Every structure is written in structure tokens, then in C-alpha cells.
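Overview (structure and organization)
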Amino acid sequence: MIQLLTPTHWKDYELIDCGDFEKLERFGNTILIRPEPQAVWSKALSPAEWQRLHHIKFKGRSATAGDWVKKDPKTPDRWHVEYKNNDVAIKFRLGLTSFKHLGIFPEQAVNWDYISDNIKKFKTPTPKVLNLFAYTGGASLIARAAGADTTHVDSIKQVVTWANENQELSGLKDIRWMVEDALKFVKREVKRGKTYNGIILDPPAYGNGPNGEKWKLEDNINEMMSDVMQLLDPEEHFLILNTYSLGFSSVIIENLIKNAYPKVENLEIGELYLQATAGSKLPLGVFGKFYKNKS
């Protein structure tokens with residue numbers, strides 16, 4: 001059964017409306033308009049309403065860069081938001097980047113809930129969690145806040161620094177930060193005989209390692225999954241694979257996981273989306289996840 005999942009605990013985030021290749025979102029008290037290639041339908045709210053509600057709008061200059069236009073110049077470039085579920089609470093520093101991102105992907109809150117829920121159920125006293133392609137650290141923060149010994153791997157030094165800021169803001173410490181190519185790191189951990197109780201992968205469609213290594217999702221994900229499964233603790237574990245690529249379906253994710261780990265238990269696959277207050281569902285990636293508890 002393919003699931004459709006959306007976050008349910010986000011007080012500091014709201015997708016207000018989306019359509020005509022844009023989305024209108026509230027992060028904390030700040031409302032932004034950003035490009036959204038998936039929103040091919042029409043907006044529910046009027047252009048006048050979008051204009052009235054928003055504080056900041058992103059205007060692209062090229063495929064990879066653009067500018068933020070503020071209605072009020074005093075609106076800050078940086079601010080904080082919080083995420084809470086039944087188990088943990090974490091905080092993020094958001095910022096206006098030149099490539100339309102803010103430092104958070106709100107739909108990932110669904111996966112954060114899965115992480116904290118599984119860690120709380122583990123019988124292993126201090127479970128080890130590995131977060132690959134970890135960006136600004138939402139999954140790392142959740143895992144650490146839930147009590148896991150957490151390793152965070154990303155190839156870009158600036159976003160690892162940003163993740164460390166989020167750790168401090170959240171009142172956490174002792175996440176292990178690694179500025180590394182994810183595939184190389186995993187291969188080294190396999191050679192060292194390391195194991196993890198939780199592994200999270202949120203790979204991009206394309207990427208570069210710190211030493212110019214090339215990542216292309218469809219070319220590298222099968223090799224990555226084969227290696228990663230060797231790191232899973234056989235007795236007690238969870239794994240999340242999340243992708244945002246227009247060419248990938250949750251059935252592809254299911255095949256990848258079953259091929260790499262034939263004895264998988266409790267496998268779930270599906271699609272993440274954000275529910276707009278104005279009515280539309282905005283699809284934002286596919287996932288596969290599974291867990292095993294000690295009997």
C-alpha cells in the first residue's frame with residue numbers, strides 16, 4: 001500500500017497556498033513566496049491576496065540564483081522556528097539564501113517523527129544514528145534530542161556549520177560532524193566494521209563531494225544502498241530513504257530497499273506532501289522506511 005503522508009505537528013510552518021509554479025508559506029511569523037516547479041495547477045487565492053499576505057518574495061535571476069524582495073526593508077534576513085512532536089523539540093535558524101532555500105524542508109517533519117518514535121522504542125540504551133546528505137541537520141537534531149549517539153555527514157562545510165548552529169540553538173551537544181562525501185564515508189565505515197541502529201538518507205538528484213566527487217541519484221543510489229545495508233545493526237534498526245526527484249517513484253524506492261535488504265521487515269513506502277490551507281496538496285518527494293525491534 002502506497003502511503004500519502006504530511007506533517008501534523010508544525011505550529012511554526014504553514015503552506016497557505018500553491019499554484020502557478022509558486023508557493024505561499026509561513027515560517028514562524030514570516031510569509032514568503034517562493035518558486036515551486038511541482039505546482040502546475042492554478043492558485044486558490046487571488047493575486048491580490050498573495051500580494052497582501054506575503055512579506056518577502058524570491059525572484060529568480062537564473063536557474064540557480066535569484067534575489068529576495070522585501071515589502072518592508074526592516075524584515076530580518078534571519079529568524080528562528082521551532083518544531084515539536086510528542087517526544088522532542090528542536091529549533092532552526094532560517095536564512096535567505098541566493099538559491100531560494102531557507103535551511104529547512106518542512107515535509108521532512110514526517111520523517112523526524114518516525115526517527116524519534118523509533119529511538120524511543122529501542123531497547124538499545126544509546127542507539128547509534130547516521131544521517132547522510134544531512135543538510136542543516138533536522139534529522140540529526142531529532143535523533144540527538146531523542147537520545148541517540150548521532151553522526152551527521154554532508155559534503156558542504158557551510159551547511160554543516162549551519163547545522164551546528166541549529167544544535168546550539170536547540171540546546172543540544174555532541175553530534176559528530178563530518179564534512180565528507182557520503183558514499184566514501186559509508187564505504188570506510190563498512191571496512192571498519194561499524195554498525196548503526198538508525199540510518200537516514202536524503203540524497204539529492206545531483207551533488208558534489210568536498211573533493212569534486214560526483215553524485216547522480218540514478219547512477220549511485222543502488223551502490224549506496226548495498227553499502228548502507230551492511231552498516232545496519234541486525235538486531236534493532238530503522239532506515240529512511242527519501243528522494244526528491246521527478247523521475248523517482250515510491251515503487252523504485254521499494255525495489256531498491258528489497259534488492260539491497262531482502263529480509264526487510266515493516267517496510268512502508270509512499271509520498272510526502274504538504275497540505276495547503278487553501279486546499280491543494282503539494283507533492284514533495286517519495287520515501288521508503290522500515291524498522292526492526294529486539295524481540
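Anything mentioned here points back to the structure above.
For the structure given in this document, a descriptive report is provided here. Predicted model, so just to flag it, every value in this text is computed and none were measured.

Details of the overall build of the protein chain
Across its full length, the protein chain holds seven helices and 17 strands. A compact globule built from 295 residues should have a C-alpha radius of gyration of about 19 Å, and the protein chain, at 19 Å, falls within 12% of that. Here the C-alpha coordinates of the protein chain stretch approximately 55 × 40 × 40 Å along the principal axes. Counting across all 295 residues of the protein chain, residues that qualify as buried make up 52%. Nonlocal contacts in the protein chain, meaning residues at least 24 apart in sequence, comprise 63% of its contacts between residues at least 6 apart.

A word on the pairing of strand β9 (residues 128-132)
Counting buried positions over the five residues of β9 gives four, a clear majority of the element. Note: β9 against strand β10 (residues 149-154), five bridges, orientation parallel. Bridge pairing in β10 links Leu 130 to Thr 151. Following the chain from β9 across helix α3 (residues 138-145) to the adjacent parallel β10, one finds a crossover that is right-handed. Bridge analysis of β9 against strand β12 (residues 198-201) gives four bridges, and the strand direction is parallel. Bridge pairing in β12 places Leu 132 opposite Leu 201.

Looking at the packing of helix α5 (residues 182-192) against helix α6 (residues 217-229)
Two elements in contact, α5 and α6, have axes whose closest approach is 9 Å; the angle formed by their N-to-C orientations is 25°. Judged on the interaxial angle alone, α6 and α5 are roughly parallel. Like other packed secondary-structure pairs, α5 and α6 cross with a definite hand, here left-handed. Across the interface between the two elements, Ala 182, Leu 183, Val 186, Lys 187 and Val 190 of α5 pack against Asn 220, Glu 223, Met 224, Asp 227 and Val 228 of α6. Residue composition of the contact of α5 with α6, by class: six nonpolar, one polar and three charged.

Digging into the nonpolar core
Judged by nonpolar contacts, the single largest core of 42 residues is most densely connected at Phe 27, Phe 92, Trp 112, Ile 115 and Phe 238. If you tally residues by element for this core, the top one is helix α2 (residues 109-121), at five residues. Counting 32 residues, the second largest nonpolar core, distinct from the first, contains Leu 132, Phe 185, Met 225 and Leu 231.

A short note on the side chain of Gln 167
In this structure, Gln 167 sits in helix α4 (residues 157-169). Here the side chain of Gln 167 touches Asp 174 through a polar contact of 3.3 Å, landing on its backbone nitrogen.

Quick word on the sheet that holds strand β11 (residues 176-179)
Across the sheet, which stays open at both edges, the eight strands sit in the order β1-β16-β17-β15-β12-β9-β10-β11 with mixed pairing between neighbours. At either end of the open sheet lies a strand with only one pairing partner, and these are β1 (2-5) and β11. Sheet twist, expressed as the mean angle between neighbouring strand axes with direction ignored, is 20°. Packing against the sheet, α2 makes contact with β1, β9, β12, β15 (237-243), β16 (268-275) and β17 (281-292), and its axis sits at approximately 175° to β15. The strands that α6 touches are β9, β12, β15 and β17; relative to β15, the one it contacts most, it runs at about 175°.

Quick word on the sheet that holds strand β4 (residues 30-35)
Within the open sheet, the five strands sit side by side as β2-β3-β4-β5-β6. Their pairing is mixed. The outermost strands of the open sheet, each flanked by one partner alone, are β2 (13-19) and β6 (66-70). Taking the axes of each pair of neighbouring strands and ignoring which way they run, one obtains an average angle of 20° across the sheet. Note: β2 against strand β3 (residues 22-27), six bridges, orientation antiparallel. Paired with Cys 18 across the strands is Lys 23, a residue of β3.

Cut-offs and rules
- Residues numbered from 1 in each chain as written.
- Predicted model: local features only at pLDDT ≥ 70, side-chain atom pairs only at ≥ 80, totals over all residues.
- Heavy atoms only, no water.
- Helix = DSSP H or I, 4+ residues; strand = E, 2+ residues; numbered from the N terminus.
- Rg over C-alpha atoms; globule rule 2.2 N^0.38 Å.
- Buried < 20%, exposed > 50% of the residue type's maximum accessible area, 1.4 Å probe, protein only.
- Contact = heavy atoms within 4.5 Å.
- Pairing = 2+ DSSP bridges.
- Right-handed = clockwise from strand over helix to strand, strands pointing away.
- Axes fitted to C-alpha atoms, helices over the stretch in contact; angles between N-to-C directions.
- Parallel < 35°, antiparallel > 145°, perpendicular 65-115°, else oblique.
- Left-handed = near helix turned anticlockwise from the far one by under 90°.
- Nonpolar A, V, L, I, M, F, W, Y, C, P; charged D, E, K, R; others polar.
- Core = buried A, V, L, I, M, F, W, Y, C linked by side-chain atoms within 4.5 Å.
- Polar contact = N/O pair within 3.5 Å; in protein donor to acceptor, adjacent residues only side chain to side chain.

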